[in-house]
Amino acid sequence: AICDTPIALISLVDQDRQWFKSRVGLDATQTPREVAFCAHAIHEPGQVMVVEDATQDPRFHDNPLVTGQPDIRFYAGAPIVTDEGYALGTVCVIDQRSRGLSAAQQLALRSLARLVLTLMAHEEEQRALMAERERAAARESEIQAALATAGLDLLSFIDSDYVYRFVNRCHVDYWARDEADIVGRRIAELTGESVFEAVVRPHLDRALTGQEVSYEAVIDFPGKGRRTVEVTYLPVREHDGRVR
């Protein structure tokens, strides 16, 4: 629309080929690098390369893309350049007739090339975010699977705010509460604030620094009565090492 051409491409150039990340007016998805106009354009990343008549240009007059389909006569390509100065490819337009390009149209092509780079960076960030979400979901599944397969032990997952996030069936039975009455609540809501501060929190805070902590305690369980229990806290770490 800006350059009034039938063909427009976002072309990425690697060692052996140019690949069209997006294309309008052309069926091909890639070409060999040795015939690619864009492979020439990226050598001058600071400007738009304009070829007004490819049949008269010694670089392209015998190019198969000129002598055959798509019968290129006119080409203009604005390099897609990273902040480090690497030209990845171009935003380019192609026509089957010889012509020129105004200064305003060249400026618009360069603006589009910058926009493409921004969108590609956003796409990469979104992929990284999705990958991290998948890793987090996998970690959650591992925790839930471990809790679900537990037998006679009370098992729970507690976050760094002392809040229950998962509990197994045995845990629920001992406390004589529904799972919904435990998950999402602080430990102190089950044990009482004084017991939490005096007995539980000192050990738990050590575990949150990354240590495995074990101790014995006497607990009055509403569902089982007074029991002596052996408690172990096992730190669970994020991929960056932080205890979660």
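Residues numbered from 1 in each chain as written. Predicted model: local features only at pLDDT ≥ 70, side-chain atom pairs only at ≥ 80, totals over all residues. Heavy atoms only, no water.

**Q** Just checking my understanding: could you explain the layout of surface pockets for this structure?
**A** What the largest pocket holds in volume is close to 1,200 Å³. Among the elements of the structure, α3 (103-148), β7 (156-158), α4 (169-175), α6 (193-207), β9 (213-221) and β10 (225-233) are those that each provide at least two residues to the lining of the largest pocket. Sort the elements by how many residues they give to the lining of the largest pocket and β9 lands first, with 6 residues. Residue composition of the lining of the largest pocket, grouped by class: 30 nonpolar, 4 polar and 5 charged. Considering only enclosed or pocket space, the second largest pocket measures out at about 310 Å³ in volume. Around the second largest pocket, the lining comprises 20 residues; the ones closest to its centre are Ala 8, Leu 9, Val 91, Val 93 and Leu 112. Only β1 (7-13), β2 (17-24), β6 (87-95) and α3 provide two or more residues apiece to the lining of the second largest pocket. Class assignment for the residues of the lining of the second largest pocket results in 16 nonpolar, 2 polar and 2 charged. (1 Å grid on protein atoms, 1.4 Å probe; cavity = no way out; pocket = protein on both sides within 12 Å on 5 of 7 lines; lining within 4 Å. Points joined across faces, edges and corners; volume = space filled by probe spheres on them. Helix = DSSP H or I, 4+ residues; strand = E, 2+ residues; numbered from the N terminus. Nonpolar A, V, L, I, M, F, W, Y, C, P; charged D, E, K, R; others polar.)

**Q** Honestly, a nonpolar patch on the surface in this entry has me stumped. Any pointers?
**A** Together, Ile 2, Leu 112, Leu 115 and Leu 119 make up an exposed nonpolar region whose accessible area comes to about 340 Å². Locating Ile 2 in the fold gives a position in the segment before β1. With relative accessibility at 43%, the residue Ile 2 sits in the partly exposed group. (Patch = residues over 30% accessible without salt bridge, like charges linked within 9 Å, V, L, I, M, F, W, Y side chains within 5 Å. Areas by Shrake-Rupley, 256 points an atom, 1.4 Å probe, with all protein chains shown as cover. Salt bridge = Lys/Arg side-chain N within 4 Å of Asp/Glu carboxyl O. Buried < 20%, exposed > 50% of the residue type's maximum accessible area, 1.4 Å probe, protein only.)

**Q** I keep staring at unusual backbone geometry and nothing clicks. Help me out?
**A** One can expect most non-glycine residues to show negative phi and most peptide bonds to be in trans. Residue Gln 69 is joined to Pro 70 through a cis peptide bond whose omega torsion reads 10 degrees. With respect to the helices, strands and loops of the structure, Pro 70 is situated in the loop between α2 (64-67) and β5 (74-81). Notably, Asp 71 is not glycine yet its phi reads approximately 60 degrees, a positive angle. Along the chain, the position of Asp 71 falls in the loop between α2 and β5. Located in the positive-phi region is Tyr 162, a residue other than glycine, with phi close to 65 degrees.

**Q** Help me understand the pairing of strand β8 (residues 164-167) in this model?
**A** Working note: regular strand, side chains alternate between the two faces of the sheet. Alignment of β7 against β8, held across 3 bridges, turns out to be antiparallel. When the bridges of β8 are listed, Phe 157 appears paired with Phe 166. In sequence, β7 turns back onto β8 through a hairpin of 5 residues, with Tyr 162 there showing a positive phi of about 65 degrees. (Pairing = 2+ DSSP bridges.)

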